Amino acid sequence: AKGDTGFKLFSNAGDLTVTDESTEKQGKILLKTDNTGSSQKGWCLLSLTTGSKFTLNNGTLRHETPQNGICYVIDASGSIDITINGGSLERNMITVMRLIANANQVINFTMNGGKLEGKYGIWVQTSTGKINAIFNNGKFVATYTGGWTFESDGGSAASVDDKIVINGGTYDSYFDLYGTED
């Protein structure tokens, strides 16, 4: 994809389940962007909005770009349910996933397996919204020294109602529950 404005390969406001049914289980959806100008383009492989339910059972969703910026595998804003049962979310630069919950919105993120790998992990932006994150299994990999797994930032402090539950999984990164203060 090329251009100076934001781009979404898929936009979902309903139910979307990704399952690789091939014999080899090596299926991949890849978004490659040039992103050589402004770093603030808003590129993402999958955009989720209020009412969305997304499930990754297996296969790989990968976003590659030559520089940093507002570019994610998943960019989610609103009341959304995300479940990772297997497969892989991969980003070669900056953040794999951005979750935004405002105005009493709730994002439920559950990881039962699979892998989330990138320079950084999940970037959460909440103020009056809420994030429920439950890690049952799977693997987080932050490839950048000092890269964080879960960060609340972006000018809005994490809601006191945000919940992170870690029941299992492997964290090959700096596990940072960093949050800005108002």
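The structure we're discussing is the one just above.
This write-up is about the structure you can find in this document. (Residues numbered from 1 in each chain as written. Predicted model: local features only at pLDDT ≥ 70, side-chain atom pairs only at ≥ 80, totals over all residues. Heavy atoms only, no water.)

### Description of the sheet that holds strand 6 (residues 60-64)
Item 1. Ordered by their spatial adjacency, 6 strands build an open sheet running 3-6-9-12-15-18, and the pairing between neighbours is parallel. Each end of this open sheet is capped by a strand with a single partner; those strands are strand 3 (28-32) and strand 18 (170-172). Between one strand and the next, the sheet's axes are offset by a mean angle of 5°, whatever the strand orientation.
Item 2. With 4 bridges connecting them, strand 6 and strand 9 (residues 88-91) associate as parallel partners. Residue pairing across strands places arginine 62 opposite glutamate 90, the latter belonging to strand 9. (Pairing = 2+ DSSP bridges. Helix = DSSP H or I, 4+ residues; strand = E, 2+ residues; numbered from the N terminus. Axes fitted to C-alpha atoms, helices over the stretch in contact; angles between N-to-C directions.)

### Remarks on the sheet that holds strand 17 (residues 163-166)
Item 1. The 6 strands lie next to each other as 2-5-8-11-14-17, forming an open sheet whose pairing is parallel. In the strand order of this sheet, the two ends are held by strand 2 (15-18) and strand 17, each with one partner. Mean inter-strand twist for the sheet, computed between neighbouring axes without regard to direction, equals 5°.
Item 2. Note: strand 14 (residues 130-135) against strand 17, 4 bridges, orientation parallel. Considered in strand 17, the bridge of alanine 133 is made with isoleucine 164.

### Section: the pairing of strand 9
Item 1. Neither face of strand 9 is left uncovered, since the one carrying Ser88 and Glu90 and the one carrying Leu89 and Arg91 both have all their residues buried.
Item 2. As paired elements, strand 9 and strand 12 (residues 115-118) share 3 bridges and run parallel to each other. Paired with serine 88 across the bridge in strand 12 is lysine 115. (Buried < 20%, exposed > 50% of the residue type's maximum accessible area, 1.4 Å probe, protein only.)

### Thoughts on unusual backbone geometry
Item 1. The phi torsion at alanine 103 lies on the positive side, around 50°, for a residue other than glycine.
Item 2. Along the chain, alanine 103 falls in the loop between strand 10 (95-101) and strand 11 (106-111).
Item 3. For alanine 103, a relative accessible area of 60% gives the class exposed.
Item 4. Its identity is not glycine, yet asparagine 104 carries a phi of approximately 65°, on the positive side.
Item 5. Positionally, asparagine 104 belongs in the loop between strand 10 and strand 11.
Item 6. Look at asparagine 104 and you get exposed, because its relative accessible area is 66%.

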